[in-house]
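# Coordinate analysis (summary)
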Amino acid sequence: MASIITSLNTTQIAGLSTRSIAGFGTEDWAAFSSDQIAALTTAQFAAIPATSIFAINTSVIAAIETRDLRMLGAATVRALTTDQLSVMTSDQLGSLTTTQIASLTTAQIASLSTDDLNAFTPTQFAALTSAQAGALTAAQIAKLQTDDLAALNVAAIKAFDSADIALLTTDHITALGTAQINALTSSQVAGLSTDQIAKLDSADLRALSSGALRALTDAQLGALGSDQIASLSNAQVASLTTAQIAGLSTDDLNALTSAQFAALTSDQAGALTAGQI
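Residues numbered from 1 in each chain as written. Predicted model: local features only at pLDDT ≥ 70, side-chain atom pairs only at ≥ 80, totals over all residues. Heavy atoms only, no water.

What follows covers the overall build of the chain. Within the chain one finds 31 helices and zero strands. Since a compact globule built from 277 residues should have a radius of gyration of about 19 Å, the 26 Å found for the chain marks it as more spread out than a globular shape. Per-residue burial over the chain gives 44% buried out of 277 residues. A fraction of 79% describes how many contacts in the chain between residues 6 or more apart in sequence connect residues 24 or more apart. A total of about 11900 Å² of accessible surface is found on the chain, and carbon and sulfur atoms cover 53% of it. Charged side chains of the chain number 9 positive and 22 negative; the gap between the two group centres comes to 8 Å. (Helix = DSSP H or I, 4+ residues; strand = E, 2+ residues; numbered from the N terminus. Rg over C-alpha atoms; globule rule 2.2 N^0.38 Å. Buried < 20%, exposed > 50% of the residue type's maximum accessible area, 1.4 Å probe, protein only. Contact = heavy atoms within 4.5 Å. Areas by Shrake-Rupley, 256 points an atom, 1.4 Å probe, with all protein chains shown as cover. Lys, Arg positive; Asp, Glu negative; His and termini not counted. Charge placed at Lys NZ, Arg CZ, Asp CG, Glu CD.)

Take a look at the structure:
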C-alpha cells in the first residue's frame, strides 16, 4: 500500500503537526522526496523518532537543511545509518552540534571518509569522546588536519595507541599542545619515530611526564638536539634511567647545563661511561 506522503505537496507537508510526524512509519519516511524533506520545519524535524530516521532514503539526505539537522536528538543521530552519514554534505556535517557529535557511535565515526571527517570543525573535534577517538581508523588519523588534532581533548589523545601515534606526521606533532603532550603515556611515547621526536619543541619536551621520558629509547634520545636536551627540567633529568644516561652521546651529555648535571643522582653519575667522562 502506497504511503500517504506520495500524495502530499510541500505546503501540506510543512503544515503537518509534530504529532503526525512522530506517528509516521518507516514506509512513510521512505516515501519522502527531496522537496518534501526540505519542506519540513525545524519543529517537525525535532519530532522525527529514532526508530524511523533510518528509513529516509539516502538520495534525499542532501536536501536536509542544516538548521533542521541540528534539531535531531542524540538518540536519533545515533540511529542514522552509515550510508546516510556518507552522503551528507560538508556543510551538513559541519553543522552538527557538539552534543550530536558526542552522541555518534564508534561505528558511525569509523565509517566516515577522511573528507567527511575533515568537514568537522575544531570545535566538533573537541567534543569527541575517548571511545570515538579510539575508533578512528589509520586512514582517518593519517589525514587529520593539524588544527583538528590540536583540538582533541586529553582523554581523546590518550585513546590513541602507539600505532596511531606513529601515523602522525611531523606537522601533527608540532601542532600538539603541551597538555596533549603531557597526556601521552609511556607506550604512546615509545611509538614516536626519531623524526617525530626531533620536532618536539622545548615546551613540549618539558611537558613529558617522567614515565614517558623514561620510555624513550637510545635512538629517540639521540634524535634530540642540544637545545632540546638543555630544555629538560632538572626533575626530568633526574628521572632518566641509568641505561638512558649511559646511552647518551658525548655531544648530548655536553648539552646538559650545569644545573642539569647537578640534578644527576649518584646512580646516574655512576652509570657514566669512560667515553662520556
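Resuming the write-up.
On to the packing of aromatic side chains, then. Summed over all chains, the structure comprises four aromatic pairs. Members of the aromatic cluster, joined through ring pairs, are Phe-24, Trp-29 and Phe-32. (Phe/Tyr/Trp six-rings, centres within 6.5 Å; stacked < 30°, edge-to-face > 60°.)

Let's shift gears to the nonpolar core. Residues Trp-29, Phe-32, Leu-40, Phe-120, Leu-149, Leu-152 and Phe-160 are the most contacted members of the largest nonpolar core, which totals 75 residues. If you list the elements that add at least two residues to this core, you get helix H4 (34-39), helix H17 (154-158), helix H23 (202-207) and helix H24 (210-214). When residues no more than four places from it in sequence are discounted, the contact partners of Leu-152 are Phe-125, Leu-128, Ile-157, Phe-160 and Gln-180. (Core = buried A, V, L, I, M, F, W, Y, C linked by side-chain atoms within 4.5 Å.)

With that settled, the discussion passes to the pattern of salt bridges. Under the counting rule described, the total for this entry stands at one salt bridge. The shortest N-O distance in the salt bridge between Glu-65 and Arg-67 comes to 3.9 Å. (Salt bridge = Lys/Arg side-chain N within 4 Å of Asp/Glu carboxyl O.)

What follows deals with empty space enclosed by the protein. Tallied over the entire structure, the rule returns one cavity of 30 Å³ or more. If you add up the space inside the largest cavity, you get close to 40 Å³. In terms of lining residues, the largest cavity is bounded by Phe-45, Ile-53, Ile-56, Ile-61, Ile-64, Leu-69, Leu-72, Leu-80, Gln-84 and Met-88. (1 Å grid on protein atoms, 1.4 Å probe; cavity = no way out; pocket = protein on both sides within 12 Å on 5 of 7 lines; lining within 4 Å. Points joined across faces, edges and corners; volume = space filled by probe spheres on them.)

It is worth spelling out the side chain of Asp-252 at this point. Looking at the secondary structure, you find Asp-252 in helix H29 (residues 250-254). Despite its burial, Asp-252 pairs with no opposite charge; the closest candidate is Arg-206, at 16 Å N-O. In this structure, Asp-252 is in contact with Leu-221, Gly-222, Leu-224 and Ile-229, ignoring residues within four places of it in sequence.

Glancing now at the environment of Asp-161. One can find Asp-161 in the loop between H17 and helix H18 (162-167). A distance of 3.1 Å separates a polar atom in the side chain of Asp-161 from the backbone nitrogen of Ala-163. (Polar contact = N/O pair within 3.5 Å; in protein donor to acceptor, adjacent residues only side chain to side chain.)

As a further point, take the environment of His-172. Looking at where His-172 falls in the secondary structure, it is placed in helix H19 (residues 170-175). Residue His-172 is classed as buried on the basis of its relative accessible area, which comes to 2%. Sequence separation of His-172 and Thr-129 is 43 residues, and the distance between their C-alpha atoms is 20 Å.

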